[in-house]
Amino acid sequence: MNGLVMAAQLILGLSILVILHEFGHYIAARAFGIRVEKFYLFFDAWGIKLFSFKKGDTEYGVGWLPLGGYVKISGMIDESMDKEAMKQPPQPWEFRSKPAWQRLIVMVGGVTMNVILGIAIYAFTLLHYEKKYLPNTAVTDGITAYELGEKIGLQSGDKIAAINGEKFERFNELLSSRVIFGCTLTVERNGNAVEVIVPDTFYRSVTKTGKGYFLGTFRDVFEVTDVVRESPAEKAGMKKDDKLLAVNGEKISSKGGLKEKITSNKGQPIQLLLKRGKDTLTVSPLVNEEGKIGIAYWPVFGDYEYIPYTFSSAVTFGAADAVEAIVANAKGLKKIFTGEEKASESLQGPIGMANIYGSVWDWKRFWVITGLLSMVLALMNILPIPALDGGHVVFLVIESVTGKKFSDKVMERAQIAGMLILLSIMAFAIGNDVWKHFIR
């Protein structure tokens, strides 16, 4: 059942992304009077399809191979490799008959749609789920430096004023990739301005342990995000959304500190001080022999004065978060290409992506991950690899600058080379998934 939930979320998420991406190409082509012969979700490889219908000049359908989708644009050399059609004289409704600037707009239509979708999802998530944010200026008592924060030189009580010399609005930007991929933090400490360097390898530590080991506020509490059925926690009366304040009378210092306090009491009951709504209560679950009580938890910033998101601020911050997602993934790709990171550890295939969605259907998590994947899809498609949108863009830019159009033969060979590259990457990603999740 868990596998079905993971697969269903992955298929739904990818279907949304693929349909909107291809719709970007479709609507741009139709705007310039270019015929679109096919619009497919998933690939109808070898002519096999689940269903289809035709309206006007376009056949719409769903293929059987769930590895993406495509639009077949008349007069364009694409993955269909329709050489016979390209041998015919160019027609006014074909892609190849249009000026370079129009063809360029058609090719960036998919990426543009994914960026718009990503921003919309990020904004929707902030407005509908997050609802409010903690302004950095409200954290007047400074941060609490957890284990990872202390290692890079942060101290509890520091007031962080700027990231790379720029002021920032939301406190949780300190937990973003903008920081964890390396930066300079301007810190107010005991009345003095101090610079703390976050090394560009810091993301490795955060990825390994989680952001809950980095920094928080003095008023941090740990919110229970899940309670396992029939677990000691459930039997003791704990519920989802309970906030953990103290363990055995001691305030929790970090996510790592909470874990340590629980695991150090194997086989013994522990006393947990909880906040549930406006009430405060104490429960005493028994820690099992594995050092667990059966809860998942996450730090939240505490009782500061929060600012509600408005439609305008949600769109503004959503756009900033979406751009940050692209920048973070671009940095990750660079580290793979330069050998700083192993592709086998960083790249995710369909199984890895399904695992990211998780085995529990949580709509907030679903939209957060789908928004991220939309930005990743935009980044990957704009890479200058033949067969990807970015490869076509490179050829069109060169044509626009030189005034010389590439021959159909050159475009065919480039398309074949690009498809071989993409198939190799796909085979590696799927094989790597199988190795990591079923063999290793």
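Residues numbered from 1 in each chain as written. Predicted model: local features only at pLDDT ≥ 70, side-chain atom pairs only at ≥ 80, totals over all residues. Heavy atoms only, no water.

Novice: Talk me through the overall build of the protein chain; I want residue IDs and the actual numbers.
Specialist: Looking only at helices and strands, the protein chain has 14 helices and 17 strands in total. Burial analysis of the protein chain (440 residues in total) assigns 45% to the buried set. For the protein chain, the accessible surface area stands at approximately 23000 Å², while carbon and sulfur atoms represent 61% of it. Of the side chains in the protein chain, 50 bear a positive and 46 a negative charge, and the two mean positions are spaced by 3 Å. (Helix = DSSP H or I, 4+ residues; strand = E, 2+ residues; numbered from the N terminus. Buried < 20%, exposed > 50% of the residue type's maximum accessible area, 1.4 Å probe, protein only. Areas by Shrake-Rupley, 256 points an atom, 1.4 Å probe, with all protein chains shown as cover. Lys, Arg positive; Asp, Glu negative; His and termini not counted. Charge placed at Lys NZ, Arg CZ, Asp CG, Glu CD.)

Novice: Tell me about the sheet that holds strand β9 (residues 192–198), and name the residues and values.
Specialist: Strand order in the open sheet formed by three strands is β7-β8-β9, with antiparallel pairing between adjacent strands. Among the strands making up the open sheet, the edge pair consists of β7 (159–163) and β9. Put simply, the sheet's adjacent strands are angled 30° from each other on average, direction ignored. As judged from the four bridges shared by β7 and strand β8 (residues 183–189), these two strands associate in the antiparallel manner. Bridge pairing in β8 links lysine 159 to glutamate 188. (Pairing = 2+ DSSP bridges. Axes fitted to C-alpha atoms, helices over the stretch in contact; angles between N-to-C directions.)

Novice: Quick rundown of the environment of isoleucine 252? Include the residues and the values.
Specialist: Tracing the backbone shows isoleucine 252 in the loop between β13 (250–251) and α8 (255–263). The spatial distance from the C-alpha of isoleucine 252 to the C-alpha of serine 313 is 33 Å, given a sequence separation of 61 residues. Excluding residues within four positions of it along the chain, isoleucine 252 makes contact with Phe222, Leu244, Leu245, Ala246, Val247 and Leu258. (Contact = heavy atoms within 4.5 Å.)

Novice: How would you explain the packing of helix α9 (residues 311–337) against helix α12 (residues 363–381) if you had to name every residue and give the values?
Specialist: Running from N to C, α9 and α12 point in directions that differ by 55°, and their axes come no closer than 9 Å. For the element pair α9 / α12, the angle class is oblique. Between α9 and α12 lies a crossing whose hand is right-handed. In this structure, α9 uses Ala322, Ala325, Ile326, Asn329, Ala330 and Leu333 to contact α12, whose residues at the interface are Leu372, Met375, Val376, Leu379 and Met380. (Parallel < 35°, antiparallel > 145°, perpendicular 65-115°, else oblique. Left-handed = near helix turned anticlockwise from the far one by under 90°.)

Novice: I'd like to hear about helix α13 (residues 389–402), residue by residue, with values.
Specialist: Between its terminal C-alpha atoms α13 stretches 20 Å, which fits the 20 Å expected from 14 residues at 1.5 Å a residue. Among the residues of α13, Asp389, Gly390, Gly391, His392, Val393, Phe395, Leu396 and Glu399 are the ones counted as buried. Once α13 finishes, glycine 403 follows within two positions and takes phi at roughly 80°, a positive value. (Expected span 1.5 Å × (residues − 1).)

Novice: Could you give an account of the packing of aromatic side chains, naming the residues involved and the relevant values?
Specialist: For any two aromatic rings, the description comes down to two numbers: the centre-to-centre distance and the angle of the planes. Counting across every chain of the model gives 25 aromatic pairs. Plain terms: the ring middles of tyrosine 40 and tyrosine 70 are 5.8 Å apart, the flat faces sit at 15° to each other, and that makes the pair stacked. Of this pair, tyrosine 40 sits in strand β1 (residues 36–43) while tyrosine 70 sits in strand β4 (residues 65–73); the two residues are 30 residues apart in sequence, bridging distant segments of the chain. Taken individually, tyrosine 40 and tyrosine 70 each receive the classification buried, so the pair is uniform in this respect. (Phe/Tyr/Trp six-rings, centres within 6.5 Å; stacked < 30°, edge-to-face > 60°.)

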